[in-house]
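Tertiary structure, described
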Amino acid sequence: MDNDEIPIDIWIYYCAKRLKQHWRTVDPEQLDQLATDLAGDANLRAMSPQAAAALFLEPVTPPDRSA
């Protein structure tokens, strides 16, 4: 199944789930709304929901120091 074949509500669910792993103190409803907004971006929607969330989070994610 291609990412564009993932039902939008499932895509949003998994994107929001990834965002919640990063921002545990943010209101989950706000993160659901953010995931919905991200789903509206055709470039992000073409990605897996987890990859789209990770790309969105890149500017606020500390670099991996183990490399």
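The structure reproduced in this document is the subject of the present report. (Residues numbered from 1 in each chain as written. Predicted model: local features only at pLDDT ≥ 70, side-chain atom pairs only at ≥ 80, totals over all residues. Heavy atoms only, no water.)

Remarks on the pattern of salt bridges
For the coordinates displayed, the defined rule picks out 1 salt bridge. The shortest N-O distance in the salt bridge between Lys-20 and Asp-32 comes to 3.0 Å. With Lys-20 in helix α1 (residues 8–22) and Asp-32 in helix α2 (residues 28–39), this residue pair connects regions lying 12 residues apart in the sequence. (Salt bridge = Lys/Arg side-chain N within 4 Å of Asp/Glu carboxyl O. Helix = DSSP H or I, 4+ residues; strand = E, 2+ residues; numbered from the N terminus.)

Here's the deal with the nonpolar core
Trp-11, Ile-12, Cys-15, Leu-19, Leu-34, Ala-35 and Leu-38 are the most contacted members of the largest nonpolar core, which has 15 residues in total. Only α1, α2 and α4 (49–57) provide two or more residues apiece to this core. (Core = buried A, V, L, I, M, F, W, Y, C linked by side-chain atoms within 4.5 Å. Buried < 20%, exposed > 50% of the residue type's maximum accessible area, 1.4 Å probe, protein only.)

Considering the packing of α1 against α2
Taken N-terminus to C-terminus, the directions of α1 and α2 make an angle of 125°; their axes are 8 Å apart at the nearest point. With respect to α2, the axis of α1 lies oblique. Relative to α2, α1 is oriented so that their crossing is right-handed. Between α1 and α2, the residues in contact are Ile-8, Trp-11, Ile-12, Cys-15, Ala-16, Leu-19 and Lys-20 and Pro-28, Leu-31, Asp-32, Leu-34, Ala-35, Thr-36, Leu-38 and Ala-39, respectively. Of the residues contributing to the contact of α1 with α2, the split by class is 12 nonpolar, 1 polar and 2 charged. (Axes fitted to C-alpha atoms, helices over the stretch in contact; angles between N-to-C directions. Parallel < 35°, antiparallel > 145°, perpendicular 65-115°, else oblique. Left-handed = near helix turned anticlockwise from the far one by under 90°. Contact = heavy atoms within 4.5 Å. Nonpolar A, V, L, I, M, F, W, Y, C, P; charged D, E, K, R; others polar.)

Side note on the packing of aromatic side chains
Under the counting rule described, the total for this entry stands at 2 aromatic pairs. Between Tyr-13 and Tyr-14, the ring centres sit 4.9 Å apart and the planes meet at 85°, which makes this aromatic pair edge-to-face. According to the relative accessible area criterion, Tyr-14 is partly exposed, its value standing at 33%. Ring plane angle 75° and centroid distance 6.5 Å describe the contact between Trp-23 and Phe-56, whose orientation is recorded as edge-to-face. Pair noted here: Trp-23 is in the loop between α1 and α2 and Phe-56 is in helix α4, with a separation of 33 residues, a long-range link. By relative accessible area, Phe-56 is classed as partly exposed at 34%. (Phe/Tyr/Trp six-rings, centres within 6.5 Å; stacked < 30°, edge-to-face > 60°.)

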